[in-house]
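Architecture and fold: a report
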Protein chains: 4
Amino acid sequence: MSPAPLARSVNASADTSKTVLLTGFDAFDGASVNSSWLAVSALHGRTIDGCEIVAARLPTTFANSIEELARLLVLHQPTLIICTGQAGNRSAISIERIAININDARIPDNLGAQPVDQPVMEGGNAAYFASLPIKSMLLKLQNAGLKAEISQTAGTFVCNHVFYGLMQMLKASAGAGHAVELQIRRGGFIHLPCLPGQGEPYMTLSNLVSALEICVSSALLDSCDIAYGAGHIS
Amino acid sequence: MSPAPLARSVNASADTSKTVLLTGFDAFDGASVNSSWLAVSALHGRTIDGCEIVAARLPTTFANSIEELARLLVLHQPTLIICTGQAGNRSAISIERIAININDARIPDNLGAQPVDQPVMEGGNAAYFASLPIKSMLLKLQNAGLKAEISQTAGTFVCNHVFYGLMQMLKASAGAGHAVELQIRRGGFIHLPCLPGQGEPYMTLSNLVSALEICVSSALLDSCDIAYGAGHIS
Amino acid sequence: MSPAPLARSVNASADTSKTVLLTGFDAFDGASVNSSWLAVSALHGRTIDGCEIVAARLPTTFANSIEELARLLVLHQPTLIICTGQAGNRSAISIERIAININDARIPDNLGAQPVDQPVMEGGNAAYFASLPIKSMLLKLQNAGLKAEISQTAGTFVCNHVFYGLMQMLKASAGAGHAVELQIRRGGFIHLPCLPGQGEPYMTLSNLVSALEICVSSALLDSCDIAYGAGHIS
Amino acid sequence: MSPAPLARSVNASADTSKTVLLTGFDAFDGASVNSSWLAVSALHGRTIDGCEIVAARLPTTFANSIEELARLLVLHQPTLIICTGQAGNRSAISIERIAININDARIPDNLGAQPVDQPVMEGGNAAYFASLPIKSMLLKLQNAGLKAEISQTAGTFVCNHVFYGLMQMLKASAGAGHAVELQIRRGGFIHLPCLPGQGEPYMTLSNLVSALEICVSSALLDSCDIAYGAGHIS
């Protein structure tokens, strides 16, 4: 059993002309706020490792979210894109490993659409792995005392929809590992817990912001990922 | 406004020469039994919708499980293959939607191997959808009073490993939906809860067996899947 | 052993330009109301899976009912048509399987006509199967806790008359199964129980409306039917 | 509304060389007897209107029943064929109007087969009307004090299966009315109640036999059917 060597994507080295795009979503399902938008907007205009952070809010709709993301990619030409969403049921920073080509909505989106078993993209690949150093990000978050995990599913609602759309646009390899043969720009998705006041479980805004800073920095600086077990048995 | 012509809804008239292969795993992680093997072996030799059930036990090893499954496929030429595994953390029959090309083991397998972020198959597709009518199976299970769910992740241990290997061998389309363009034979994976005595949560053996009977029958008879929302938001 | 390739399971993505026509009948046999019209009219103007519901009332007459239905088909060009009628003797939502080419009236219709053993259409096929996923509709109704059944006869009064006329206009195949080789648009017939106050047995209006919502959604989204035993011995 | 004239099939006038075939079924669903076989066998060898009665027992199996009936048609060349079956839920002599091209078995047949939504004949007509003077038979039964009715459905089990097979073999017209354009020989199906001792409802053997005598005589002598309302509203 000889683990195959991964192609290492070299990246980073600070370049002040570079932009990092962070997206959050608007509130959905009757809520008044969305922790993902509050977290990324707190970083808007900041500079991390020489790159300027641009925060943008995506609509929680199947019809418009990928289109809005596409518009932002053209506008900002970001070197790194991390989309985030709120996961009401999770207590940890959840770094998503893979986006799948399915929409299966348990509730209506913000336009009332509720697709069942529709592909995100007709005829598209079954899935795309994130092209981020997810294990490095995980280890650094845990080392900073932040509760974090790798997630094997981003669900089948608008978060996964946007994540799949992002990776398809980035032409990430459909190959074996994450961060393999990344050809253009890095991207991925992180699910964030709710904020205090939104119900249990929750994480404070300052912790969410710190987590994103760590993740962005890792994605900019770590040229390849590390081996660090974080799977699930089932 | 011209809706596409529909395919035949009638399928699979009984053919006594057909075989259904059900697999379970041997015990792992120090346990003495595995609910998946006890459930499928209870069906060995039975006939469902004119097809004979062959139950087989796979080793809980990254090195040998897919090879053993390949041997069984050649030996039995089954028209339908459903692999099952025990999910210690789940209380419902979990019909898996998708297998992903990653091994990331939190514990050693039965040969002591513990791969981290290795592809199941170097250069393989990122994922394969099960080629089973998963929503029809779900609805029929629920209608029979059995607790059931669609799962978006089969984990990153030997269960997902075998599931990915199965779908790769069946040459399932990497396309958008499940049960799409299935070219040869149907296959997929179901996670089963533990049995009484193995800890909480659990399900009785007779319920596990009933659930498998329902799933096999649906997979044999339902020519395509129905629309029935069963996704996750995150 | 080469099982035939399966058709796509994904169907009917929402298209706001599509219309669903639901018909009920006016009151007959001296009654003041008809549960079928009250049920479908409650859905008029609603949107289900992106399709607008148009409810229309048909006269309980052999002479005018099919003509009025034909006018509605031309006017609305519906993608799906479900005609409904009141069945005073039934306690369950009765999804009709087949329309037969006979009028045999036990009572006069609303114009006093009482044909005996006259064909609906001279020289027409003996019968047409509904082109709806009747078993999927049944299972979903039962799963929602609504009493439902497949009916093998829509009687020989105006309900069957309209049902036969509908299927003849839709040019449904006279072949073996329902939903087979449907060439243009889907259609069928559902008998509804009476409402409270009309005598026993009855079902509440909200349950009738819920049942129709489930049936319409299934007919729009389920690309073919499932196998689910619901026949009668005699 | 001008009822179209029916083509009148002329038949009968006693001819001692003619044979009438009556079939019943063997016991099924764990029962020890079948009222249909006891009734027809009581008439075996008798002569009615100059025709000899041949009674034969068909197996209650989807696989063999039509084949056995075909063998009997070739062997006896009957001028009239009436198949009968036991209807446990019916209290009246039920003259069946129409056979439909579907098998949907709620219980296994005597070989364990339980088809769901399979056509009786792949690609066959949706239905065939009986080619018997059903209303004349009905009126004569009622006039003799026997409880009788027209049934619009013979179910979806082996009775309907045999009935469809019979009518297909007789090349009955798929046209509008019963007894129309009968080209070769008359045939149809009658459901009989249970006998005393088999549970409620029931009818005595002598009444079942009398009913069959009346029906056979009518089918041999009445050159065309009468108009006699006996439909159902739903």
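Residues numbered from 1 in each chain as written. Chains lettered and ligands numbered in written order. Predicted model: local features only at pLDDT ≥ 70, side-chain atom pairs only at ≥ 80, totals over all residues. Heavy atoms only, no water.

Our focus in this paragraph is the overall build of chain A. Each helix and strand counted, chain A has five helices and 11 strands in total. Evaluated residue by residue, chain A yields a buried proportion of 59% over its 234 residues. Of the accessible surface of chain A, which amounts to about 8,400 Å², a share of 52% is contributed by carbon and sulfur atoms. (Helix = DSSP H or I, 4+ residues; strand = E, 2+ residues; numbered from the N terminus. Buried < 20%, exposed > 50% of the residue type's maximum accessible area, 1.4 Å probe, protein only. Areas by Shrake-Rupley, 256 points an atom, 1.4 Å probe, with all protein chains shown as cover.)

Here we come to the packing of helix H3 (residues 134-143) of chain D against helix H5 (residues 205-221) of chain D. All names here are of chain D. The N-to-C vectors of H3 and H5 enclose an angle of 140 degrees; their axes lie 9 Å apart at closest approach. Taken together, the axes of H3 and H5 lie oblique to each other. Pair H3 / H5 crosses with right-handed handedness. Across from Ser136, Met137, Lys140 and Leu141 in H3, the residues of H5 making contact are Ala211, Ile214, Cys215 and Ser218. Counted by class, the contact of H3 with H5 contains five nonpolar, two polar and one charged residues. (Axes fitted to C-alpha atoms, helices over the stretch in contact; angles between N-to-C directions. Parallel < 35°, antiparallel > 145°, perpendicular 65-115°, else oblique. Left-handed = near helix turned anticlockwise from the far one by under 90°. Contact = heavy atoms within 4.5 Å. Nonpolar A, V, L, I, M, F, W, Y, C, P; charged D, E, K, R; others polar.)

Taken together, the contacts link 49 residues of chain D with 50 residues of chain C. Linking chain D with chain C are eight salt bridges, by the criterion used here. Notably, a salt bridge pairs Lys135 of chain D with Asp117 of chain C, separated by 2.7 Å at the nearest N-O pair. Applying the counting criterion to the chain D and chain C interface returns 20 residue pairs in polar contact (both at pLDDT 80 or more). Every element with two or more residues in the side of chain D that touches chain C is listed here: strand E6 (98-100), strand E8 (116-118) and strand E9 (127-129) of chain D. Looking at the side of chain D that touches chain C element by element, the count peaks at three residues for E9 of chain D. Here the residues of the side of chain D that touches chain C sort into 25 nonpolar, 18 polar and six charged. (Salt bridge = Lys/Arg side-chain N within 4 Å of Asp/Glu carboxyl O. Polar contact = N/O pair within 3.5 Å; in protein donor to acceptor, adjacent residues only side chain to side chain.)

Before going further, it helps to spend a moment on the relation of the copies chain D and chain C. Mapping chain D onto chain C leaves a residual RMSD of 0.1 Å; the transformation is a rotation of 180 degrees accompanied by 0.0 Å of translation along its axis. What the superposition gives is, in effect, a two-fold axis relating one chain to the other. A share of 94% of interface residues in chain D that are also interface residues in chain C marks the association as one of identical surfaces. (Least-squares fit on C-alpha atoms with pLDDT ≥ 70 in both.)

What follows covers the sheet that holds strand E1 (residues 19-25) of chain C. Residue and element names in this part refer to chain C. Reading across the sheet, the seven strands line up as E2-E3-E1-E4-E11-E5-E10 and stay open at both edges, with mixed pairing between neighbours. Taken across any chain shown, the strands that pair with only one partner, and hence form the sheet edges, are strand E2 (47-48) and strand E10 (148-151). In this structure, strand E5 (residues 93-96) lies alongside strand E11 (residues 186-192), joined through two bridges in antiparallel fashion. The residue bridging Ile95 from the neighbouring strand is Ile190, located in E11. (Pairing = 2+ DSSP bridges.)

Right, let's talk about the sheet that holds strand E1 (residues 19-25) of chain B for a bit. Residues and elements named next belong to chain B. Spatially, E2-E3-E1-E4-E11-E5-E10 is the arrangement adopted by the seven strands of the open sheet, whose pairing is mixed. What marks the edges here is a single partner per strand, and that holds for strand E2 (47-48) and strand E10 (148-151). Relative to E10, strand E5 (residues 93-96) runs parallel, the two being bridged by four bridges. From the neighbouring strand, Glu96 faces E10, where its bridge partner is Ser151. Sitting on the sheet, helix H4 (residues 158-169) is in contact with E1, strand E3 (51-58), strand E4 (80-86), E5 and strand E11 (186-192), with an inclination near 170 degrees to E11.

Together, Val33, Leu38 and Leu205 of chain A make up an exposed nonpolar region whose accessible area comes to about 190 Å². In this fold, Leu38 of chain A is placed in helix H1 (residues 35-41). (Patch = residues over 30% accessible without salt bridge, like charges linked within 9 Å, V, L, I, M, F, W, Y side chains within 5 Å.)

The subject of this paragraph is the pairing of E1 of chain B. Residue and element names in this part refer to chain B. For E1, the buried fraction is high: seven of the seven residues fall into the buried class. Every second residue of E1 is oriented toward a common face, with Thr19, Leu21, Thr23 and Phe25 on one face and Val20, Leu22 and Gly24 on the other, all of them buried. Sheet analysis places E1 next to E3, joined by seven bridges and oriented parallel. Counterpart to Phe25 in the pairing with E3 is Leu58. Relative to E4, E1 is paired through four bridges, and the arrangement is parallel. Bridged to Val20 within E4 is Leu80.

We now examine the state of the cysteines. Taken as a whole, this structure holds one disulfide over all chains when the rule is applied. Between the sulfur of Cys224 of chain B and that of Cys224 of chain C lies a disulfide, 2.1 Å long from S to S. Here Cys224 of chain C lies in the segment after helix H5 (205-221) and Cys224 of chain B lies in the segment after helix H5 (205-221), a pairing that spans two chains. Judged by relative accessible area, Cys224 of chain C falls into the buried class, the value being 2%. Here Cys51 of chain A stays free of any disulfide, with the sulfur of Cys215 of chain A as its closest cysteine sulfur at 15 Å. (Disulfide = S-S within 2.5 Å.)

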